[in-house]
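Given next are the chains, with one letter for each unit.
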Amino acid sequence: MQKKLIALAVAGLASTGAFAQANVTVYGVADASFDVVKISGDANNELGNMTRVSTNSSLIGFKGAEALGNGLTAVFQFESAVGFDNAGALGANRDSYVGLAGGFGTVVLGNLTGPTRALGAAVDVNAGATGIGANSALLGKLGNNLLSSTDGNGNYPGTSNSSTCGRSTVCTSIFDTRWKNAIAYVSPSFAGLNATVAYVANENKAFHNSGADGANTTGYDVGLKYANGPAMAAVTYNAVSLGNDAGTNVSDLRVGGTFDFGIASVRAVFDHARANHFGGTLTQNVFGLGGTFNVTPAGKLLAQAYVARDLKTNGSS
């Protein structure tokens, strides 16, 4: 996550015209591909082979900053994915926030990328991609038990229902999606070292009544990152309590880094996902290694390999 996070005191400014004089940058990405997908071993013979058009990581965004005086700056960003392979869709489903920056660091609140997701993207040779080659296809998924993210109300099903992810995108884990209803703090950098702390508010709190399950989802995501010259290394920890009747808790520990030689780069990551009350304690480790090589100033070769080890229940594969 870049050092552009913002804060509580600024939330009311947007409606008062305080940003009227801010410099606003409009940016975006248009990216489409024609995919041929071959499927084998489909026991139910539901899909077979298929072709599709994917708009991948296409997006449009607006961001800006406004000096408030006394060393303070108000910052904001509104970013939406753009799906133009069908009827088209827009919405603040990417990093969108408002906040405050100063010598103390940056505080932001909104729909945010936490440090765990940010580390996964930083080591991916297909950074920013949402296609089948992204490393989020394996990271943190716990044998497909932790797919998708919380819904608009903050509820998370805690199941392997892949139908919520769609056939034209990678079904990512809860740890590799953006956090809704979140607030985050990013510290200043000290000799290349900085920390990020994010908290997910429990807006979905609901008691068990009328036959409905209780809910009280909350969580935190912390990270320590070193980035200086060609080297980057980070460790993150993300823990979420679903607050459901089963008392389900999930967590993810991630360690990774990159080194840029100029003409080439290498990157590696280790991921340990864990969940309680899914028929016991479930754990899974994922290892990843990747690299790039600059063939021309405008083009490079990419390669990466990720291995998801056996899913373990109460320590047994």
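Cut-offs applied
- Residues numbered from 1 in each chain as written.
- Predicted model: local features only at pLDDT ≥ 70, side-chain atom pairs only at ≥ 80, totals over all residues.
- Heavy atoms only, no water.
- Phe/Tyr/Trp six-rings, centres within 6.5 Å; stacked < 30°, edge-to-face > 60°.
- Buried < 20%, exposed > 50% of the residue type's maximum accessible area, 1.4 Å probe, protein only.
- Helix = DSSP H or I, 4+ residues; strand = E, 2+ residues; numbered from the N terminus.
- Lys NZ or Arg CZ within 6 Å of the ring centre and 35° of its normal.
- Salt bridge = Lys/Arg side-chain N within 4 Å of Asp/Glu carboxyl O.
- Polar contact = N/O pair within 3.5 Å; in protein donor to acceptor, adjacent residues only side chain to side chain.

(A) Structural detail: the packing of aromatic side chains. This structure, assessed with the given rule, holds three aromatic pairs. Geometrically, the ring pair formed by F259 and F261 is tilted, given 4.8 Å between the ring centres and 55° between the ring planes. Judged by its relative accessible area of 54%, F261 is exposed. Taking 5.3 Å as the distance between ring centres and 45° as the angle between the ring planes, the aromatic pair formed by F270 and F287 counts as tilted. In this pair, F270 sits in strand β13 (residues 264-275) while F287 sits in strand β14 (residues 282-296), placing the two residues 17 residues apart along the sequence. Between K63 and the ring centre of Y27, over which it is positioned, the NZ or CZ distance is 5.1 Å.

(B) Up close: the pattern of salt bridges. By the definition in use, this model includes six salt bridges. When salt bridges that share partners are traced, they join D176, D252, R254 and D271 into one network.

(C) Structural context of the environment of T177. In this fold, T177 is placed in the loop between α1 (115-123) and β8 (179-186). Along the sequence, T177 and G114 sit 63 residues apart, while their C-alpha atoms lie 8.5 Å from each other. At a separation of 3.0 Å, a polar atom in the side chain of T177 contacts the main-chain carbonyl oxygen of I174.

These figures capture arrangement, not role.
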